[in-house]
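Here is what each chain is made of, one letter per residue.
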Amino acid sequence: QILTYISGKDKPNVIIGWNLKELFSYILGKTKAPFELNSKIYDLKILEWYLGIEKNAPTSLKEAKDRLAKVVQHSSWEKLQKVYEGIYIPLITRVVPAMETIGVNHRGLKKRLHSHYEINGQVNGRMKCSKILQDGFNPHSIGFDRTFMYLDYKHMEVSVLQWLSDDEVLGSILDSGKDIYEAVWTIITALESTPKFREKCKGLFLPVVYGQGVASVAKANKISEETAKKLVERIYARLPMAMDWIQAQQNLLVDGVGIDIHGRCREFDQTYKVRNFIVQSPAALLCLHKLVELYDAMRGLAEVAFHIHDGYVLYVPKENSMKVARRAKEVLESEDRFFKGLRLKVSCKIGDNLDELKEMRIDE
């Protein structure tokens, strides 16, 4: 990590850093007080990664300034600046440090464990969890002896695909309140869906959207290539707006580089791979922004414990569980300023252990 301070006459201090979240978490963990800076903060690791630039930390002030200048001059800077200030700055300075330092008590080990996140950990923009701390845990695979509330987005990627493509068929399904995978199964097969068929559709639909071919569909679903061909053709024929839109993204690559709706850049060695990125990248960004909003909304009510894929885990006082659930649902389902018009729904579970959560009906 590197911190460099640039002072200018009549200008606020500017901090150029590398992976600054670690600093904010360390200070919060040691002092129990948030680290506050009256300066503009530029985390080069986050900014360059967003633009698809993979480099090591700068080794001098001049190099840091030169690299920041290239970021600011990039064609995606106008979009990136809004995303960085509205989402990444709160994550770096407040939200992730709070999640990493709150800790959870493990009854079996008789100690407090802590999570660790890499904000720029995954290619499409999701955070990466790892067990690198001596007393650490991976939020994706644990169970503890406290009361948890788990809120999870329903069919996030399909909802984002509909929003991006404005597909009328998917839009009507979302408006109806039907389960998206059950409805899509019926559309492409004319058969009434069952839990078994729903799972089949879930494993079929998005892979085809993301470019999976007939042979791969047949192998993955253990069906004949003839049957796979019919299913793939029906998905394209019966959801034409979504499929035409996703196919068109391959033609928008410039020198192998794809850019999502919010300016995030990634390079692809095969054109079809952009199909996954162009949907998952904004979905990941939305989840991070909602994490910031949820963190702020839960102050005085509950604590955000950790973030898992499209879901959020809260520590909730049992006596306030319904109040917390209603407020959290309101925040997570509200229209997002970066995604005007996108409609989302969440499910809610509650329990004393993450592997023993039960569905919770939220009173309106």
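Because the structure is predicted, anything quoted here is derived from the model rather than measured.

Chemist: Is there a simple way to explain the packing of aromatic side chains in this structure?
Modeler: The description of an aromatic ring pair rests on the distance of the ring centres and on the angle between the ring planes. Taken as a whole and judged by the stated rule, the model has nine aromatic pairs. A ring pair is formed by Trp49 and Tyr88, whose centres lie 6.4 Å apart and whose planes are at 85 degrees; its orientation type is edge-to-face. Taken together, the positions of Trp49 in helix α2 (residues 44-50) and Tyr88 in helix α4 (residues 77-102) put the pair 39 residues apart, joining distant regions of the chain. By the burial criterion, Trp49 is buried, and Tyr88 matches it. With 5.0 Å between their ring centres and 15 degrees between their planes, Trp185 and Phe197 make a pair best called stacked. In this pair, Trp185 sits in helix α7 (residues 180-189) while Phe197 sits in helix α8 (residues 195-209), placing the two residues twelve residues apart along the sequence. Given the relative accessible area of 25%, Phe197 is considered partly exposed. A network of ring pairs unites the aromatic residues Trp49, Tyr50 and Tyr88 as a single cluster.

Chemist: Mind showing me how you'd approach α8 here?
Modeler: Between its terminal C-alpha atoms α8 stretches 21 Å, which fits the 21 Å expected from 15 residues at 1.5 Å a residue. Among the residues of α8, those classed as buried are Arg198, Cys201, Leu204, Phe205, Leu206, Val208 and Val209. Along its buried surface, α8 packs onto α5 (156-165), α7, α9 (214-221), α10 (225-238), α11 (240-248) and α12 (274-297). Gly211 sits one or two positions beyond α8 and adopts a positive phi of about 105 degrees.

Chemist: Help me out: how do you make sense of the packing of α9 against α10 in this one?
Modeler: The description of two packed helices rests on the angle between their axes and on the distance between the axes. Packing of α9 against α10 brings their axes to within 8 Å, and their N-to-C directions diverge by 115 degrees. Our classification of the angle between α9 and α10 gives roughly perpendicular. Between α9 and α10 lies a crossing whose hand is right-handed. The segment α9 lies against α10, with Val214, Ala215, Val217 and Ala218 engaging Glu225, Ala228, Lys229 and Val232.

Chemist: Whenever I open this one, helix α6 (residues 168-176) confuses me. Can you help?
Modeler: Residues separated by three or four positions in an α-helix point in the same direction, a consequence of the helix having 3.6 residues per turn. Inspection of α6 places Leu170, Gly171, Ile173 and Leu174 among the buried residues, and these make up the whole buried set. The buried side chains of α6 occupy one side of the element, clustering within an arc of 160 degrees when seen end-on. Exposed residues on α6 whose side chains face more than 90 degrees from its buried face are Glu168 and Asp175. Looking at the buried positions of α6, the neighbouring elements they touch are α5, α7 and α11. Between a side-chain oxygen at the N-terminus of α6 and the backbone nitrogen of Val169 the separation is 3.0 Å; the capping residue is Asp167.

Chemist: In this structure, what is going on with the packing of α6 against α7? I would like to understand it.
Modeler: Close contact between α6 and α7 brings their axes to 10 Å; oriented N to C, the two are set at 135 degrees. Accordingly, the angle class assigned to the pair α6 and α7 is oblique. The way α6 lies across α7 gives a crossing that is right-handed. Contact residues: Val169, Leu170, Ile173 and Leu174 in α6; Ile180, Ala183, Val184 and Ile187 in α7. Grouping the constituent residues of the contact of α6 with α7 by class yields eight nonpolar, no polar and no charged.

Chemist: I tried to follow unusual backbone geometry on my own but got confused; where do I start?
Modeler: It is generally the case that most residues other than glycine have a negative phi and that most peptide bonds are trans. Phi angles above zero are rare outside glycine, and His155 is one such case at about 35 degrees. Looking at where His155 falls in the secondary structure, it is placed in the loop between β8 (148-153) and α5. Of note in the backbone geometry, Ala190 takes a positive phi value of approximately 65 degrees without being a glycine. Among the secondary structure elements, Ala190 is positioned in the loop between α7 and α8. Residue Ala190 is classed as exposed on the basis of its relative accessible area of 66%.

Definitions and limits used
Residues numbered from 1 in each chain as written. Predicted model: local features only at pLDDT ≥ 70, side-chain atom pairs only at ≥ 80, totals over all residues. Heavy atoms only, no water. Phe/Tyr/Trp six-rings, centres within 6.5 Å; stacked < 30°, edge-to-face > 60°. Helix = DSSP H or I, 4+ residues; strand = E, 2+ residues; numbered from the N terminus. Buried < 20%, exposed > 50% of the residue type's maximum accessible area, 1.4 Å probe, protein only. Expected span 1.5 Å × (residues − 1). Contact = heavy atoms within 4.5 Å. Axes fitted to C-alpha atoms, helices over the stretch in contact; angles between N-to-C directions. Parallel < 35°, antiparallel > 145°, perpendicular 65-115°, else oblique. Left-handed = near helix turned anticlockwise from the far one by under 90°. Arc of directions from axis to C-beta. Polar contact = N/O pair within 3.5 Å; in protein donor to acceptor, adjacent residues only side chain to side chain. Nonpolar A, V, L, I, M, F, W, Y, C, P; charged D, E, K, R; others polar.

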